[in-house]
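The residues making up each chain are set out below.
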Amino acid sequence: TGDHWGYGIEDGPSVWHKTYPIAQGNRQSPIDIVPHQASCDPSLGPIVLNYDHCTSMNIANNGHSVIVEFDDTDDRVVIQGGPLDNPYKLKQFHFHWGGKGCHGSEHTVAGNSYASELHLVHWNAVKYGTFEEAATAPDGLAVLGIFLETGDDHRWLNMITDALYMVKFKGSVTDFEGFNPMCLLPSSLDYWTYLGSLTTPPLYESVVWIILREPIMVSEKQLSKFRMLLLTEEEEDQRIHMENNFRPPQPLNGRKFILPEV
Ligand SMILES: COc1ccc(C[C@H]2SC(=S)NC2=O)c(OC)c1
Ligand SMILES: [Zn+2]
């Protein structure tokens, strides 16, 4: 049992529908965002992030990405405002990236992809009892998507890339306390929002997407450290590097992506 899906030819996004039929659903993610086709909703307020008492716990290689998990027993670490009816609690963040010199974001903007995409995953603990329950509900999750563009070194991303060697193999996890992802945000919280899904199996259509329009800058050297991560476990002889772990854009099916009045 366990995950038999991946991003290769045999097990990648083009065959996920065989095991997860919802892959062909009508609110799948990611999508291509075309700014001048966005709808405007002046009633949408700003996004508010309260990450002050943020408590990261560990960093892990789950065989699909590198993920930093948070202690979500604290009601104070939340995202709210914008399209959200109540606060959503921070649960984890992880990344998607490409191969050397290739692009690796999941969402695209007018057909252009970025080098990487950071997902900060939050869940609606006001309406649902557990993260797992929220992950199956249409308003259960709020994922904040941030584009990473290659340029200068990102001074705080080094805290993450310096820890990657400790989670090189699939299934490895190590302590990673006291990291506050506020340091990974761009200067502007201007966003697009739309209703979508998890971008990996089980592809549940449970995500209110909030995509920040301004990318953060990271260096090619920092990105290359993500590609050092392996899909394979320590005991295995074969060593397959983790790269191009992104799903391509999915049909909009009449959905609108919305931006607040600028
Ligand atoms: C409840 O089961 C899952 C499974 C996978 C992910 C991670 C996926 S979903 C996303 S967005 N990006 C990713 O890589 C979940 O995240 C909320 C939840
Ligand atoms: Zn993701």
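From a predicted model like this one, the values you see are computed outputs, not experimental measurements.

Asker: How do you make sense of the overall build of the chain when you look at a structure like this?
Answerer: Helices and strands together make up the secondary structure of the chain, namely four helices and 15 strands. For the chain, the C-alpha radius of gyration of 17 Å lies close to 18 Å, the compact-globule estimate for 262 residues. Based on the C-alpha atoms only, the size of the chain along its principal axes is roughly 55 × 40 × 40 Å. Classification of the 262 residues of the chain by burial places 52% in the buried group.

Asker: Please explain the packing of aromatic side chains as it appears in this structure.
Answerer: The tally for this structure, following the rule as stated, stands at eleven aromatic pairs. With 4.9 Å between their ring centres and 55 degrees between their planes, F95 and F226 make a pair best called tilted. A residue pair is termed long-range when its members are at least 10 positions apart, and F95 in strand β7 (residues 88–97) and F226 in helix α4 (residues 220–226) qualify at 131 residues.

Asker: Explain the coordination of the zinc ion (ligand 2) here, please?
Answerer: When a metal carries six donors in an octahedron, the ideal angles between them are 90 or 180 degrees, while four donors in a tetrahedron ideally lie at 109.5 degrees. Coordination of the zinc ion (ligand 2) by the protein is provided by H94 (NE2), H96 (NE2) and H119 (ND1), with metal-donor distances spanning 2.0 Å. Its four donor atoms give the zinc ion (ligand 2) angles of 95 to 123 degrees at the centre, a pattern that matches the tetrahedral case. In primary-sequence terms, the residues that donate to the zinc ion (ligand 2) follow H-x1-H-x22-H. Of the two residues, H96 is situated in strand β7 and H119 in strand β9 (residues 116–123); the sequence distance between them amounts to 23 residues. With respect to class, H96 is no different from H119; both count as buried.

Asker: Could you clarify how one ought to interpret the site of ligand 1 in this entry?
Answerer: Taken together, the neighbourhood of ligand 1 is formed by 14 residues, with H94, H96, T199, T200 and W209 sitting nearest. Between H94 and ligand 1, the recorded distance is 3.0 Å, taken from a side-chain N or O atom to a nitrogen atom. With respect to ligand 1, the side chain of T199 contributes an N or O atom lying 3.2 Å from a nitrogen atom. Protein coverage of the free-state accessible area of ligand 1, which is 440 Å², stands at 82%. Using a 2 Å cut-off from the grid points, one finds that ligand 1 occupies the largest pocket. Among the elements of the structure, β7 and β9 are those that each provide at least two residues to the shell around ligand 1. At three residues, the largest contribution of residues to the shell around ligand 1 is made by β7. Classifying every residue of the shell around ligand 1 by side-chain character gives eight nonpolar, six polar and no charged.

Asker: What exactly am I supposed to notice about the pattern of salt bridges here?
Answerer: Any two side chains of opposite charge can pair, on the condition that their charged atoms come close. Summed over all chains, the structure comprises six salt bridges. Among the ionic pairs, D74 bridges to R76, the shortest N-O distance being 2.8 Å. D74 gets classed as buried once you look at its relative accessible area, which sits at 15%. R227 is the salt-bridge partner of E220, the closest N and O atoms lying 3.0 Å from each other. Residue classification places E220 among the partly exposed residues on the basis of a relative accessible area of 33%. The exposure class of R227 is buried, given its relative accessible area of 9%.

Asker: Which parts of the structure should I look at to understand the confidence of the model for the chain?
Answerer: Where the model shows low pLDDT, its predicted coordinates should not be examined in detail. Looking at the chain as a whole, the pLDDT averages 96, with 99% of positions reaching at least 70. Reported for the predicted complex are a pTM of 0.98 and an ipTM of 0.98.

Asker: What is the right way to look at the environment of F169 in this model?
Answerer: Secondary-structure assignment places F169 in the loop between α3 (157–161) and β11 (173–175). Separated by 76 residues in the primary sequence, F169 and N245 have C-alpha atoms spaced 16 Å apart. If near-sequence neighbours (up to four positions away) are discounted, F169 is found in contact with N61, L230, T232, E233, E234 and R239.

Asker: What's the story with the side chain of S105 in this structure? I'm lost.
Answerer: Its location among the elements puts S105 in the loop between β7 and β8 (108–109). For S105, a relative accessible area of 3% translates into the label buried. Polar side-chain contacts of S105 include one of 2.9 Å to the backbone oxygen of H107. A polar contact of 2.9 Å, which involves the side chain of S105, links it to the backbone nitrogen of Y114.

Thresholds applied
- Residues numbered from 1 in each chain as written.
- Chains lettered and ligands numbered in written order.
- Predicted model: local features only at pLDDT ≥ 70, side-chain atom pairs only at ≥ 80, totals over all residues.
- Heavy atoms only, no water.
- Helix = DSSP H or I, 4+ residues; strand = E, 2+ residues; numbered from the N terminus.
- Rg over C-alpha atoms; globule rule 2.2 N^0.38 Å.
- Buried < 20%, exposed > 50% of the residue type's maximum accessible area, 1.4 Å probe, protein only.
- Phe/Tyr/Trp six-rings, centres within 6.5 Å; stacked < 30°, edge-to-face > 60°.
- Donors = N, O, S within 2.8 Å, 3.2 Å for Na, K, Ca; no water.
- Tetrahedral: all angles 85-135°; square planar, octahedral: opposite > 155°, others 65-115°.
- Near = heavy atom within 4 Å.
- Polar contact = N/O pair within 3.5 Å; in protein donor to acceptor, adjacent residues only side chain to side chain.
- Areas by Shrake-Rupley, 256 points an atom, 1.4 Å probe, with all protein chains shown as cover.
- 1 Å grid on protein atoms, 1.4 Å probe; cavity = no way out; pocket = protein on both sides within 12 Å on 5 of 7 lines; lining within 4 Å.
- Sits in = over half its atoms within 2 Å of the grid points.
- Nonpolar A, V, L, I, M, F, W, Y, C, P; charged D, E, K, R; others polar.
- Salt bridge = Lys/Arg side-chain N within 4 Å of Asp/Glu carboxyl O.
- pLDDT = per-residue confidence, 0-100.
- Contact = heavy atoms within 4.5 Å.

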